[in-house]
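Observations on the model geometry
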Amino acid sequence: MEPERWRRVRELFHSALNLTGDQRAAFLREKCPDDDEVRKEVESLLSHESSAAGFIESPAFDIVAQLVAKDDANEQNADQNLVGRISPRFRLLDKLGSGGMGVVYKAEDTKLRRSVALKFLPPELSRDPQALERFQREAYAASALNHPNICTVYDVDEADGQPFIAMELLEGQTLERRIGAQPLPTAELLELAVQISDGLKAAHARGIIHRDIKPSNIFVTPRGQPKILDFGLAKLEEPETPDQQQSISEQQLADPEWHPNLILTRTGMAIGTAGYMSPEQIRGEELDVRTDLFSFGLVLYEMATGQHAFKGETGPELQNAIIEDMPSPVRHLNPTVPAKLENIIDFAIKKDRDARYQSAAEIRADLAALKRAQELSSPIRRWLLALGTLVVLLVVGASLWLAKRQPPALPELKLRQLTVNSFENRVTSGAISPDGRYLAYADINGMYIKVIQTGETRMVPVPSGLNSKSVQWEIGSGGSPAAIWFPDSTRFVANAHPAAQGPALWGTEDTNIWVVSIFGGAPQKLRDKAVAYAVSPVDSLIAFTTNKGRELWLMGPSGEQARKILETPPASPILGMLLTPDGRRIVYGQEDEAGGGKVLSRNLEGGPEVALSALSDLKNVDDFSFWLPDGRFLYSVREPGDIPDKCNFWTTRLDPRTGQLIDKPKRLSDWTGSCMSYVSATAEGKRVVFLKGVGHITSYLADVQANGRRILKPRHFPLSESSDGVADWSADGKNVILASNRTGNFGIYKQALNEETAQPLVTNGYGRNPRATPDGNWILYLGAGDSAGEPVMRAPIRGGPSQLLFTARPGKSLISCARPPSEMCAIAEPNEDRKQVIISTVDPLKGRGPELLRFPLDPNENWWFWDLSPDGARVAATRSPAGPIYILSVRGESIREIKVNGWSNLQEFSWAADGRGLFLVAGVPGKHVLLHVDLQGNARVLWENAGASGETLALPSPDGRYLAIQSWVTNGNLWMMENF
């Protein structure tokens, strides 16, 4: 076809895209009355554009044209070569459609016996290793999402060099087709919108941003359940700098051939559809979850009006409209839309992202409230309410009597999320200024000051001599209350820790205190080898510790006139501190020699210390607490046995001079799945800011190659929304042993590799550290214990009640078992003075057996780890994250020392199945790195887990074919609480 006629085809194709099927036909008949060739080409393009029915994204014009121009015979031959072929797991049944982003087939999962959709990527992507790696990383992240309103990604694999993804096979239609250029009924709109926002909320909580929310990427099943498609699959890394990203966008916008409905990166992957992009997305700025909320607002607009919010015939026109224009008011186009819904849509599509909704939870709450209000306002509902009123009148007397006997209702807390970081770069600490205007916070990449009212945020410059990779800033200390602003709200104090170490290793010896001004400039150092805890609200004195946490000092606001307040014994360091609202007394925690603790109070001008014994009566008080300016004592309580954590705020009144309770404790919140730290308050005490940590354990299964030096295809296993940690393998390697909270409480489960469900083994009294015995009959584990020691339990691996074997010595203990044919299991326990670890055999029938060996502990470290070799003849142990790793023989042979070349901050490890190396986890800023380390100390990187915040452990199957990986991640953000 000649270029001029192709231009005509392109123009008609663009114009017809936004029309329904009947409208398209009429449009083409009108525009091409005597040109069947042009009309047929446009119809062919439109057919290819929608042929995948939502499984693939709309391709750019030129890509679709290329697809249409392919030799039909070659394409049919390719299909025949694929359909019916047996892959290692999937049998292809039928072709569903094709387009610029790939080809989609219906397939059978022969292992799990279910129908799935397989999407094969286009050749240009599979030939780009960097693009393919980025795609796989995002696909693995998306596979961790298991939510009823998100299309589930099951696996990522390849067949004959062609990469593909396996996903949920859906029936129904896209939301684009459901709208069909007509407004949806309000009830249906709200039902769909609440569910879509719920899916967005779940994905954002896992740190995944879609960046291409649009009606064609939302599928509606016949039961009216919306499913967000391709969540995370279009999210590639941004160009290296904002300038690069902007230049790409400008080049595309200047191209007269550019298709206005799709922007492509250099690899050809879609990063956004122009008609639904946020202003910051168009400008090439760094994106966060709020870009999805803007796009969702445009989807709501289209659902409510049947029309696009912004119009434009070309790419530049459409993008300029999004940045500059205001859409027609929703109720002008559809007067039946409730005013509240119009307000929600207007709020969602604010051009300034700081002025729009800040989280999917916020817009979901407003949509759900409107949905409830609409349901109550219907005629039937009004009739039911009238009937209900009569019932209420009959029972009102009884209700009043019962109310006197019920505990008071919890207050209606007002919550606002102040930061929106993903788990890969979670917020690590922060505090609100006394006047409530500013928020100081830190994440893995640096320190920031945010104007709360406007959202304006600036990064604090790194001082000369430091760089962002060498230091981790902390505002407050160790999760203790972050009252570190000076009273005039112009400066605050921060601690600079070495970034190469994790928080568990931070101490006074390598920490410095700095002061930061809101007026700009780099922080100024106040003191070396010290940790700042609090600033007095009265005289701006700074309280800090030094000498390994044993000495408590005060100094002036510029570091002057430092004086020591107290010094503790060597074995009793200070654990945390806070100042009372009058600035006269300091309250601090202190560790005792037995490993417990106590809370003390002391006047800063001298006098005896007072034990706040009442705090010991407040069960499960989590971390340190906070004194509000009105005299109330605010604290969080951790509810035991919950993973993810469950903590809630309580208040009481406590006399710091006598240590006695004044008021009965009162519960403030009823939350699940999170815990709080770094609590701070404004000067009047009406606003409290806290760091909310949401933790989750996710497990993966990978194939092992090259004798453990390479892993392939790490995939999410098991597929569940609960926290599931792969803790061990059965002796035959056919089952994994899971530590899971899928029923609410943490327990032990067994799941076969080819099954979707897990068998519960231990549901009550579980503590930690399950290990399968080599004889294949038992699970050994540590039950829920106390300071007197943890019970060592056994449970039949085929199911049945648990039995107590013995009680471990007080302190941290760890169980490990060898692999068949060895029958060895052993337990490592600290001795009474905690200077050594004693390793003894464990018989699953008789209990603790003979001592095997001992290794000394580091008196300066409160951390050690060990694992028994597969043959039961050796022990790998380390007594410090700095290393080295010692290889000890149970037969009395000489000790071997392994120094891991190029790595520090060593965490958990396990022996490789062949006994010739270790799978070792090393902590680096913002992530954990999985290594294979041979017995000469040579390390090879296998996998990186961005955002890991807790235990990451890799366990090989007994035959060495698979590697199970469990990792704990935490999504941390700052929230503000009012009305308490």
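Quick caveat: nothing in here was measured; it's all calculated off a predicted structure.

Right, let's get into the packing of helix α9 (residues 186–205) against helix α12 (residues 290–305). Any two packed helices are characterised by how steeply their axes cross, that is the angle between the axes, and by the distance between the axes. One can describe the packing of α9 onto α12 by two numbers: an axis separation of 11 Å at closest approach and a directional angle of 170 degrees. The angle between α9 and α12 falls in the class roughly antiparallel. Taken together, the residues of α12 that come into contact with α9 (itself represented by L189, L192, A193, I196, S197, L200 and H204) are D292, L293, F296, L300, M303 and A304. Looking at the contact of α9 with α12 residue by residue, the class counts come to 10 nonpolar, 2 polar and 1 charged.

Within the secondary structure layout, E832 lies in the loop between β44 (825–830) and β45 (836–843). The sequence separation of E832 and G811 amounts to 21 residues, and the corresponding C-alpha distance is 9.1 Å.

Residues L814 and S816 of strand β43 (residues 814–817) are buried on one face, and the alternating residues I815 and C817, pointing to the opposite face, are buried as well. Pairing between β43 and β44: 4 bridges, direction antiparallel. In the sheet register, I815 faces β44, and the bridge partner there is I827.

Before going further, it helps to spend a moment on α12. Compared with an ideal rise of 1.5 Å per residue, which puts 16 residues at 22 Å, α12 spans 23 Å between its outermost C-alpha atoms and is within 8% of the ideal. Residue G306 follows α12 closely and has a positive phi angle near 75 degrees.

Before going further, it helps to spend a moment on the state of the cysteines. Enumeration over the complete set of coordinates arrives at 2 disulfides. Paired through a disulfide, C647 and C675 show a sulfur-sulfur distance of 1.7 Å. Given an S-S torsion of about 65 degrees, the disulfide between C647 and C675 has right-handed geometry. A residue pair is termed long-range when its members are at least 10 positions apart, and C647 in strand β30 (residues 647–653) and C675 in strand β32 (residues 675–681) qualify at 28 residues. The residues C647 and C675 share a single accessibility class, namely buried. For C817, the disulfide goes to C825, at an S-S distance of 2.0 Å. Classification of the bridge connecting C817 and C825 rests on its S-S torsion, roughly 110 degrees, and on that basis the disulfide is right-handed.

Thresholds applied
- Residues numbered from 1 in each chain as written.
- Predicted model: local features only at pLDDT ≥ 70, side-chain atom pairs only at ≥ 80, totals over all residues.
- Heavy atoms only, no water.
- Axes fitted to C-alpha atoms, helices over the stretch in contact; angles between N-to-C directions.
- Helix = DSSP H or I, 4+ residues; strand = E, 2+ residues; numbered from the N terminus.
- Parallel < 35°, antiparallel > 145°, perpendicular 65-115°, else oblique.
- Contact = heavy atoms within 4.5 Å.
- Nonpolar A, V, L, I, M, F, W, Y, C, P; charged D, E, K, R; others polar.
- Buried < 20%, exposed > 50% of the residue type's maximum accessible area, 1.4 Å probe, protein only.
- Pairing = 2+ DSSP bridges.
- Expected span 1.5 Å × (residues − 1).
- Disulfide = S-S within 2.5 Å.

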